[in-house]
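# Summary of the model geometry
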Amino acid sequence: MIGHVKWFDIAKGYGFILPESAEGVVFHNDVMLHVSCLRTYGEATADEGARIVCDVTQRDKGWQVLNILEMDRPRAAVARERGEAIAFKEAVVKWFNTTKGFGFVNIVGSDEDVFVHISVMRKADLETLETGMVLYVTTGEGQKGRNVVMIRKSGGI
């Protein structure tokens with residue numbers, strides 16, 4: 001199947017693909033993309049509008065990506081590979097629930113609280129977040145608002 005990413009929410013761990021074409025298949029709905037397929041492909045997220053070529057399968061609740069064959073690289077990954085600066089903002093942990101695997105940070109100098117998921121922490125080798133802890137984060141837009149997409153323990157670009 002060939003399509004484009006409709007949306008992907010790292011916090012939820014899934015998103016949807018708008019199918020464009022597939023041999024012998026007519027789609028009546030979007031196709032679900034689970035984070036496990038992205039991880040197997042070597043990525044952690046997918047940008048809205050990214051072109052994707054994948055194998056799909058029909059499940060009880062509808063069509064789902066089985067295997068990614070090709071996908072446009074996430075913008076942040078491309079920027080890192082090109083050596084482009086990625087702007088990190090200073091943030092303070094407002095609260096984090098380790099059992100539930102999520103919490104919020106506040107961007108310093110603003111009233112903006114941003115959702116943070118445990119999967120993003122693990123990529124930064126963080127086991128937990130303590131209230132008041134200072135971090136450096138980049139954010140992205142998810143289905144339910146802004147969320148942290150990358151974390152650094154110390155500042156800088």
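Further up the page is the structure itself.
Source: prediction; values computed, not measured.

So, how was this worked out
- Residues numbered from 1 in each chain as written.
- Predicted model: local features only at pLDDT ≥ 70, side-chain atom pairs only at ≥ 80, totals over all residues.
- Heavy atoms only, no water.
- Salt bridge = Lys/Arg side-chain N within 4 Å of Asp/Glu carboxyl O.
- Helix = DSSP H or I, 4+ residues; strand = E, 2+ residues; numbered from the N terminus.
- Buried < 20%, exposed > 50% of the residue type's maximum accessible area, 1.4 Å probe, protein only.
- Contact = heavy atoms within 4.5 Å.
- Phe/Tyr/Trp six-rings, centres within 6.5 Å; stacked < 30°, edge-to-face > 60°.
- Polar contact = N/O pair within 3.5 Å; in protein donor to acceptor, adjacent residues only side chain to side chain.
- Pairing = 2+ DSSP bridges.

Summed over the entire model, instances satisfying the criterion amount to four salt bridges. E70 is the partner of R51 in a salt bridge, and the nearest nitrogen-oxygen pair spans 3.6 Å. In this pair, R51 is assigned in strand β4 (residues 51-59) and E70 in strand β5 (residues 62-71), connecting sequence segments 19 residues apart. Owing to a relative accessible area of 44%, E70 belongs among the partly exposed residues under this scheme.

Take the environment of V53 next. As for its position among the elements, V53 is in strand β4. Considered as a pair, V53 and I2 are 51 residues apart in the sequence and their alpha carbons are 4.5 Å apart. Residue contacts for V53: discarding those within four places in its chain leaves M1, I2, I68, L69 and E70.

Here we come to the packing of aromatic side chains. Under the definition given, this model contains eight aromatic pairs. Judged by centre distance (5.6 Å) and plane angle (50°), the ring pair of W95 and F104 falls under tilted. Taken together, the ring pairs connect W95, F102, F104 and F115 into an aromatic cluster.

You can see V31 is positioned in strand β3 (residues 31-34). Since its relative accessible area comes to 0%, V31 is described here as buried. Taking C-alpha positions, V31 is 6.9 Å from P19, a pair spaced twelve residues apart along the chain. Dropping the residues within four chain positions of it, V31 is found in contact with M1, G15, F16, I17, P19, V56, W63, Q64 and V65.

All right, on to the side chain of T139 then. Here T139 shows up in strand β9 (residues 134-142). Classification of T139 by relative accessible area gives buried; the value is 18%. At 2.9 Å, the side chain of T139 forms a polar contact with the side chain of R146. Not counting residues within four places of it along the chain, the set of residues in contact with T139 comprises K89, I107, V114, R146, N147, V148 and V149.

Where strand β1 (residues 2-9) and strand β2 (residues 14-21) come together, seven bridges link them in antiparallel fashion. Among the inter-strand pairings, D9 is bridged to a residue of β2, identified as Y14. Between β1 and β2, which pair antiparallel one after the other, the connecting turn spans four residues, and G13 there sits at a positive phi close to 85°. Taken together, the four bridges between β2 and β3 define a ladder with antiparallel strand orientation. Each bridged residue has a counterpart across the sheet, and for Y14 the counterpart in β3 is H34.

Worth remembering: the numbers are spatial, not functional.
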